[in-house]
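Now for the letters of each chain:
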Amino acid sequence: MSIDRNDPCWCGSGKKYKKCHLSFDEKLKHLELQGEEVPPREIIKGQADIEGMKKAAEINNAVLDLVGTKIKAGMSTEAINQLVHEYTVSHGGIPAPLNYEGYPKSVCVSINNVVCHGIPSEETILQEGDIVNVDVTTIVDGYFADASRMYMIGEVSEEARRLVEVAKKCLEVGIAAIKPWGHLGDIGAAVQACAESNGCSVVIDLGGHGIGKLFHEEPFVPHVGEEGEGMLLVPGMTLTVEPMINAGDYRVYIDDEDGWTVYTEDDSLSAQWEHTIHITETGIEIIAY
């Protein structure tokens, strides 16, 4: 759809197009003609969108802080689900996972060899030595924020502790690789190098994603890749970086019975941290953590 220079900008800023995103759009068009893969306009966020996501992130971050104060051995994963649900709803949010494509709970809780999408249950009790990923996504006024953290229950093995630390380092180097006008492959290349140099593997069947007014938007964010390849990363994009790092092989499978829980194929430990990132004109902003 064409827009006149003096029309209000498509981003919702209230500024005239010529004073806002005209030069940005011209740059994108030029890069596309040079063969670059450019993001569609619908995933470029304006300032109002970012503020909306930050409101969702405020609750999301507080939920994960709360989990950190309560999680312990002997606690059921359903108790974590109730904690997340009650806090989110009482603070004006909606737990995004609940009923998403049939998912039955308000949070994902993944223990040890569970890579992601672990379904909370009264029967699943946290044990001393477990490593646990709690993945929270919150909706406020139609905007989403998504993050996950690892928690170590009591005294854990050296292997488990090291994996949790390596996974966090993979997250950090993946985020550090994001530069305005860089490429999606920069993230995956950095994560892959970090994991493999530490003797770990990166899950390739799952990855991060764009986020904003939808739970999952373009682009898919792989955590393996080649530097300088893939979609351009441009100011206004918002996405998750969430590498799933295995102590053993990268292969995974989905539980046949529940259709959600993802396990490591070789039964090795897995760890994951996730942040929601906003790409700015000068760098990045971590919205949800």
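Reading the values: rules and limits
Residues numbered from 1 in each chain as written. Predicted model: local features only at pLDDT ≥ 70, side-chain atom pairs only at ≥ 80, totals over all residues. Heavy atoms only, no water. Phe/Tyr/Trp six-rings, centres within 6.5 Å; stacked < 30°, edge-to-face > 60°. Helix = DSSP H or I, 4+ residues; strand = E, 2+ residues; numbered from the N terminus. Buried < 20%, exposed > 50% of the residue type's maximum accessible area, 1.4 Å probe, protein only. Lys NZ or Arg CZ within 6 Å of the ring centre and 35° of its normal. Expected span 1.5 Å × (residues − 1). Contact = heavy atoms within 4.5 Å. Core = buried A, V, L, I, M, F, W, Y, C linked by side-chain atoms within 4.5 Å. Lys, Arg positive; Asp, Glu negative; His and termini not counted. Salt bridge = Lys/Arg side-chain N within 4 Å of Asp/Glu carboxyl O.

J.: So what exactly am I meant to see when it comes to the packing of aromatic side chains here?
T.: One pair of aromatic rings is described through two measures. These are the centre distance and the angle between the planes. For the coordinates displayed, the defined rule picks out five aromatic pairs. Between the aromatic rings of Phe24 and Trp181, the centroid separation amounts to 5.7 Å while the plane-to-plane angle is 55°, which identifies the pairing as tilted. With a gap of 157 residues between them, Phe24 in helix α1 (residues 22-33) and Trp181 in the loop between α4 (158-176) and β6 (182-183) connect regions that are remote in the sequence. Owing to a relative accessible area of 7%, Phe24 belongs among the buried residues under this scheme. Among the aromatic residues, those joined into a cluster by ring pairs are Tyr100, Phe144 and Phe215. For Lys168, the ring lying beneath its charged end belongs to Trp273, and the centroid distance is 4.8 Å.

J.: Please clarify how helix α2 (residues 47-70) should be interpreted in this entry.
T.: Because an α-helix packs 3.6 residues into every turn, residues spaced three or four apart end up facing the same way. Compared with the 34 Å implied by 1.5 Å per residue over 24 residues, the 35 Å span of α2 between its first and last C-alpha is a close match. As for α2, its buried residues are in contact with α3 (77-90), β4 (131-140), β5 (143-152), β11 (238-241), β16 (275-279) and β17 (284-288).

J.: Hey, could you run me through unusual backbone geometry in this one?
T.: Both trends apply: most residues other than glycine have a negative phi, and most peptide bonds are in trans. The omega torsion across Glu218 and Pro219 is -5°, close enough to zero to call that bond cis. Residues other than glycine seldom take positive phi values, yet Trp181 does so here, at roughly 75°.

J.: I tried to follow the nonpolar core on my own but got confused; where do I start?
T.: Across soluble globular proteins, nonpolar side chains show a tendency to be buried alongside one another. Ranked by internal contacts, the top residues of the largest apolar core, which has 39 residues, are Ile187, Met237, Leu239 and Ile245. Secondary structure elements with two or more residues in this core: α1, α4, α5 (184-197), β10 (232-233), β11 and β16. No other element matches the eight residues that α4 contributes to this core. If you look at the next biggest cluster of nonpolar residues, it comprises 25 residues, including Val63, Leu126, Val136 and Ala145.

J.: What am I meant to see in the side chain of Glu274 here?
T.: Secondary-structure assignment places Glu274 in the loop between β15 (270-272) and β16. Here Glu274 occupies a buried position and makes no salt bridge, while the nearest side chain of opposite charge, Arg149, is found at 10 Å. When residues no more than four places from it in sequence are discounted, the contact partners of Glu274 are Asp135, Asp146, Ala147, Ser148, Leu171, His209, Thr240, Val241, Glu242, Ala288 and Tyr289.

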